[in-house]
Amino acid sequence: LLHELTTPLQFSGPQEIEGMCTRHSIEGISLLEYQPRDILLKDGDLIVATPQTLVSHVLSGTSTTTASTIISEVSDVEIQSLTSVGKDRLFALSTGPHKTELLEFHAADDFAEIQSRFVLQETPS
């Protein structure tokens, strides 16, 4: 994840800057609970892909506390990676023992719902 945090007086949220990498606390995201697979910076928030959920982690330059919210939960997937296209579309790659899928989510302010599922490969049982 490439992003830069500006000074608190100019803070408008983290911004992706090619070639720059800045560490940011993920306090509030339990590595044991969520088992993050991928993290995406979207509109100043971190979207964390876990095996069965997408979690929005609010980044704040003026607050010392952060809040995490589950924005989508899908029980029959193993999300491995995440990317965004445009302002409101997220794509996640799910690899499981029986199939590999591309999941398309429509993302709103505090939720993301599956719009489409594309089976890329099926493994015979």
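For the structure, see preceding data.
A brief report on the enclosed structure follows. Everything numeric in this text was worked out from a predicted model, so none of it was measured.

## Describing the overall build of the protein
A count of helices and strands for the protein gives one helix and eight strands. Along the chain direction, N to C, the helices and strands of the protein fall in the order α-β-β-β-β-β-β-β-β. When the 125 residues of the protein are sorted by exposure, 31% land in the buried category. Of all intrachain contacts in the protein linking residues separated by at least 6 positions in sequence, the fraction that spans at least 24 positions is 31%. As displayed, the protein offers around 7700 Å² of accessible surface, 51% of which is attributable to carbon and sulfur atoms.

## Focus: the pattern of salt bridges
Under the defined criterion, the tally for this structure stands at four salt bridges. Arg117 is paired through a salt bridge with Asp76; the nearest N and O atoms lie 3.3 Å apart. Here Asp76 lies in the loop between β4 (68-73) and β5 (79-85) and Arg117 lies in strand β8 (residues 112-122), a separation of 41 residues in the sequence. Its relative accessible area of 35% is what places Arg117 among the partly exposed residues. Looking at Asp76, the relative accessible area reads 47%, which means it is partly exposed. A network of salt bridges, in which partner residues are shared, links Asp76, Glu101 and Arg117.

## Observations concerning the sheet that holds strand β2 (residues 45-49)
Read across the open sheet, the four strands follow the order β1-β2-β3-β4; overall the sheet is antiparallel. If you trace the sheet from one side to the other, it starts and ends with β1 (38-42) and β4, each paired once. Across this sheet, the average inter-strand angle for adjacent strands is 25 degrees, counted without regard to direction.

## Quick notes on the pairing of β1
Looking at chain direction, β1 and β2 are connected through five bridges and run antiparallel. Residue pairing for β2: Leu41 is matched across the bridge by Leu46. The hairpin turn running from β1 into β2, its antiparallel successor, is two residues long, and Asp43 in that turn takes a positive phi close to 55 degrees.

## Topic: the side chain of Glu104
Looking at where Glu104 falls in the secondary structure, it is placed in strand β7 (residues 99-107). Given a relative accessible area of 12%, Glu104 falls into the buried group. In this structure, Glu104 is in contact with Arg89, Leu90, Phe91, Glu113, Ile114, Gln115, Ser116 and Phe118, ignoring residues within four places of it in sequence.

## Overview of the sheet that holds strand β6 (residues 89-95)
Where strands meet in a sheet, backbone hydrogen bonds hold them as pairs that are either parallel or antiparallel. With respect to topology, four strands assemble into an open sheet ordered β5-β6-β7-β8, the strand pairing being antiparallel. Strand pairing shows two members of the sheet lacking a second neighbour, β5 and β8, which therefore form its edges. The average undirected angle you get between the axes of adjacent strands in this sheet is 20 degrees. One ladder, built from seven bridges, connects β6 with β7; its direction is antiparallel. Residue Arg89 lies in a different strand from β7, and its bridge partner there is His106.

Cut-off values and rules
Residues numbered from 1 in each chain as written. Predicted model: local features only at pLDDT ≥ 70, side-chain atom pairs only at ≥ 80, totals over all residues. Heavy atoms only, no water. Helix = DSSP H or I, 4+ residues; strand = E, 2+ residues; numbered from the N terminus. Buried < 20%, exposed > 50% of the residue type's maximum accessible area, 1.4 Å probe, protein only. Contact = heavy atoms within 4.5 Å. Areas by Shrake-Rupley, 256 points an atom, 1.4 Å probe, with all protein chains shown as cover. Salt bridge = Lys/Arg side-chain N within 4 Å of Asp/Glu carboxyl O. Pairing = 2+ DSSP bridges. Axes fitted to C-alpha atoms, helices over the stretch in contact; angles between N-to-C directions.

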